[in-house]
Amino acid sequence: MRLVQGNEAIARGALYAGARFYAGYPITPSSEVAEECSVVLPRMGGMYIQMEDEIASIAAVVGASLAGAKAFTATSGPGFSLMQENLGFAVMAEVPCVVVDVQRSGPSTGLATKPSQADVMQVRWGRHGDQAIIALCPASVRECFELTVQAFNFSETYRTPVVLVADEVVAHMRESLRVPEEGELAIIDRKKPSVPPSEYKPFEADEDGVAPLAAYGSPRVFHVSSSMHGPEGFSNNDPANAARKIDRIHRKLDMHRDEIVMTRSFDADDADVLVVAYGITVRASRAAAREARSKGVNAGVLQLQTLWPFADNEIRRAAAGARRVIVPEMNYAGQVAGEVQRVLGPERDIRGVNSYNGQILWPRDILETIMA
Amino acid sequence: MTVFTQGLRYLKEGVTPHMWCPGCGNGIVLSALLRAFEELAYSNEETVVVTGIGCWGKADDYVVTNGFHGTHGRALAFATGMKAFNPRLNVVVLMGDGDAVTIGGNHFIHAARRNIDVTAIVVNNFNFGMTGGQVSATTPLGMATSTTPYTNPERDFDICALADVAGANYVARATPWHGFELEANIREALRKKGFSVVEVMSPCPTHYGKYNRMGTPVEMLRKIREMVLPHEEYARLGPAQKKSYFPTGKLVDRDEPDFNTRYDEVRSRAMKD
Amino acid sequence: MEPSEQKGGGPKERFEVVLAGSGGQGLIVSAMLLCESAIREGRNVVQTQSYGIAARGGLSIAELIIDTEEIIFQQVQKPDIILALTGQAMERFAAFAEKGARVFFDTTGMTDRPGLNFLGFPFTKLAGDLNRTNAATLIALGAMVACTGMVRMDSLISAVRETFPEAAPANIEALGLGEGLVASRLREGAG
């Protein structure tokens, strides 16, 4: 057991998962991820490179990944905004990589050192065009480690970028962490092509919707493109081909959604009042639900460890017997509450508890709405 | 006639005729590049041609090496990741003036400062050809484009001077008129460890030439030839005369350690720690 | 001053601790040392802090919770132990003394306060006597641990050894000085 900060756990999780390349541009409250990588990566023969901005950072990560690296970057909202175009490249060209977004309070430079959970929709829809993405969200230092490992595993399995959506509190918090031994957690590497080099097509998917990926410098020469492309990776403007490609980058996640969507239940099964929470707010929610139970109200919490794809089925199941559903989150609009309403329907009693002044939600804020 | 088949083995089958306009310099630059590949015996497996967006950014479609076609202006940043992680790769970045010094100017100066061992072949046609001839950061003051109909109020970047002061190990300028010199410069740039740049001042008769009444493609190419002087001759000019010309040939040749060499030093310090 | 006990008797299992002062006083490092000590005793910890420009001057707060059970909510809600090293810190947290929190404070820069739960010691003055003004927080830590038993002194010494291998003897001396302050106060109380 060691005392570890959330950001450090993210960096350690990435290295445990096999990451050997980090490119980034420092930004509060994510900089400790970069600092830790700058210390550890060169010792392991890996590479830490500080780029000129976040646009270049995600670009270098994509380049390194295509050269065979497990690569990642960490940033916060303003930098994440700058990364969107090339994150879209990674979706389009199906490049495995991990982006850590430690959310801080906006808009713009906002309250630079204060927490927020207002990037949920930016993570999902921040890029132009039709795209699917995986996003995971830790609520503790241990989850910072474990969900980062999981982020790399998903990224490698499905050949897709994965966003780890943390927040300032979980990233700067310290807790005791037992770093797993080597081999204790499963580590997954991307599927490599087995066909002869002359037959290799970098975007020809197997039945699981995922195409094996070679590396630049390996015997299989290949081409990738940000433009619409066919199985060979070269530009292709045929409408039928475009439809197939867009279908597939969605379907390869849809068909595996049960493996990707991770939730945790804290007395959610028999809850009359269900709290759906994610990130640091899970903890205040659990404390509130526990107190509600001591006051005679059957409250429970469903934690969304996976934010995207959204936990439609899990929420529907957990909310089946609840008379009220509460979604506490550190944003104004109720970004997740809106999704929950979409899932459960307009007639259901769904209430948001929202904080958008850079202050966290406390158990009493949530308890009030449970008991109301 | 061997000279005209040299490099052909790097040209993808079935892609000609290429998509560039008659009179465009891109075909000449591509053939010079592929001839240089052959002279250096580059393998397809260990070579990556990286492009951005623009007419010249289509060149990756024509080669049989590994290819990468990315977002506008970011080619050097993608290339940096590839080369930094796998130093054995030959990473060649093909950019227009838009990719290199307009939208991507920041990456250009930082790639030079970092001295990452990639080669940038910048075709400078003084405007955004692909999208209809809009003004770029290399459109000279007072010239017309589709978005500077009353002529350009801004000054232009000197790409080679920028690369020089930012720290590139190798900088050269050529034109499609000087095809063999161009190939020699590209070959030297590819051989050079560290960041290397070859700027090719090239005609865009379809847009830039049309807006500025530069005549037929051949007349336009001739005008570009008249804009440049071999750097030895250029050096003998007085300050006033120098303003009328761009020097060509090898302008910078240094042997500063490249990024990967420096990073290996970081690694050995880290491992001792 | 009695070792803390829960209402039901037996040693107290949960401590909520606030260390408040100004940036640069080593509050976060001190909170981390307490956490490392508790981890050595097999207990759970969470440590948070006010983050931002406060880390470089102004009111700076480090918080920690020690518990034998899982710590669900991460913030201190009902502090048991408070360290106030500046007047500003005292202003912010003095009210918790009435609710049972023990408030340790520095008499070097503050006037004494009446009330059983206010425990004033000249931390900064003693650190000055050692010629190590930055040892004030460690002296305070020694006193707080001796007085409250939130962690064992040997755990704290071991954590200090691991965190500052070179400066360990001087830092352990500072802890001992704090421990001594409490011992002599207890003797005064007994006498």
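Being a predicted model, the structure only gives us computed values, none of them experimental.

K.L.:
Any details on the overall build of chain C? Residues and values, ideally.
P.N.:
Of regular secondary structure, chain C possesses six helices and six strands. Counting from the amino terminus, helix and strand elements in chain C follow one another as β-α-β-β-β-α-β-β-α-α-α-α. Burial status across chain C gives 50% buried among its 191 residues. Contacts spanning at least 24 positions in sequence make up 60% of the contacts within chain C whose residues lie at least 6 apart. Only carbon and sulfur atoms are counted for the fraction: they give 51% of the accessible area of chain C, which is about 8800 Å².

K.L.:
I'd like to hear about helix α11 (residues 259–272) of chain B, residue by residue, with values.
P.N.:
Residues and elements named next belong to chain B. End to end, α11 covers 20 Å across 14 residues, agreeing with the expected 20 Å (1.5 Å per residue, within 8%). Of all the residues in α11, the buried ones are Phe259, Asn260, Tyr263, Arg267 and Ala270. One face of α11 carries all of its buried residues, which in axial projection span an arc of 80°. Along α11, the residues that are exposed and aim more than 90 degrees away from the buried face are Arg269 and Lys272.

K.L.:
So what about the sheet that holds strand β2 (residues 44–49) of chain C? Which residues, and what values?
P.N.:
Whether parallel or antiparallel, the strands of a sheet pair through hydrogen bonds between backbone atoms. If you trace the eight strands from one edge of the open sheet to the other, you get β1(A)-β9(A)-β2(C)-β3(C)-β1(C)-β4(C)-β5(C)-β6(C), paired in mixed fashion. Two strands in the sheet have a free side with no partner beyond their single neighbour: β1 (2–5) of chain A together with β6 (118–121) of chain C. Recorded for the sheet is a direction-independent mean angle of 20° between the axes of neighbouring strands. Of the pairings in the sheet, the one linking strand β1 (residues 14–22) of chain C to strand β4 (residues 81–84) of chain C comprises four bridges and is parallel in character. In the strand pairing of β4 of chain C, valine 17 of chain C is matched with isoleucine 81 of chain C. Contacts between helix α1 (residues 6–16) of chain A and the sheet are confined to β1 and β9 (174–177) of chain A, with β1 of chain A contributing the most and set at about 95° to the helix. The sheet contacts of helix α4 (residues 136–148) of chain C involve β1, β4, β5 (102–106) and β6 of chain C, and relative to β5 of chain C the element is tilted by about 155°.

K.L.:
Outline the sheet that holds strand β10 (residues 223–225) of chain A, supporting the account with residue identities and numerical values.
P.N.:
Strand order in the open sheet formed by nine strands is β10(A)-β2(B)-β1(B)-β3(B)-β4(B)-β6(B)-β5(B)-β8(B)-β7(B), with mixed pairing between adjacent strands. With one partner strand each, in any of the chains shown, β10 of chain A together with β7 (228–230) of chain B form the two edges of the open sheet. Recorded for the sheet is a direction-independent mean angle of 20° between the axes of neighbouring strands. Inspection of the sheet shows β10 of chain A paired to strand β2 (residues 66–69) of chain B by three bridges, in the parallel sense. Each bridged residue has a counterpart across the sheet, and for valine 224 of chain A the counterpart in β2 of chain B is phenylalanine 68 of chain B. Packed on one face of the sheet, helix α8 (residues 217–227) of chain B meets β6 (196–201), β7 and β8 (246–253) of chain B and runs near 50° to β7 of chain B.

Calculation notes
- Residues numbered from 1 in each chain as written.
- Chains lettered and ligands numbered in written order.
- Predicted model: local features only at pLDDT ≥ 70, side-chain atom pairs only at ≥ 80, totals over all residues.
- Heavy atoms only, no water.
- Helix = DSSP H or I, 4+ residues; strand = E, 2+ residues; numbered from the N terminus.
- Buried < 20%, exposed > 50% of the residue type's maximum accessible area, 1.4 Å probe, protein only.
- Contact = heavy atoms within 4.5 Å.
- Areas by Shrake-Rupley, 256 points an atom, 1.4 Å probe, with all protein chains shown as cover.
- Expected span 1.5 Å × (residues − 1).
- Arc of directions from axis to C-beta.
- Pairing = 2+ DSSP bridges.
- Axes fitted to C-alpha atoms, helices over the stretch in contact; angles between N-to-C directions.

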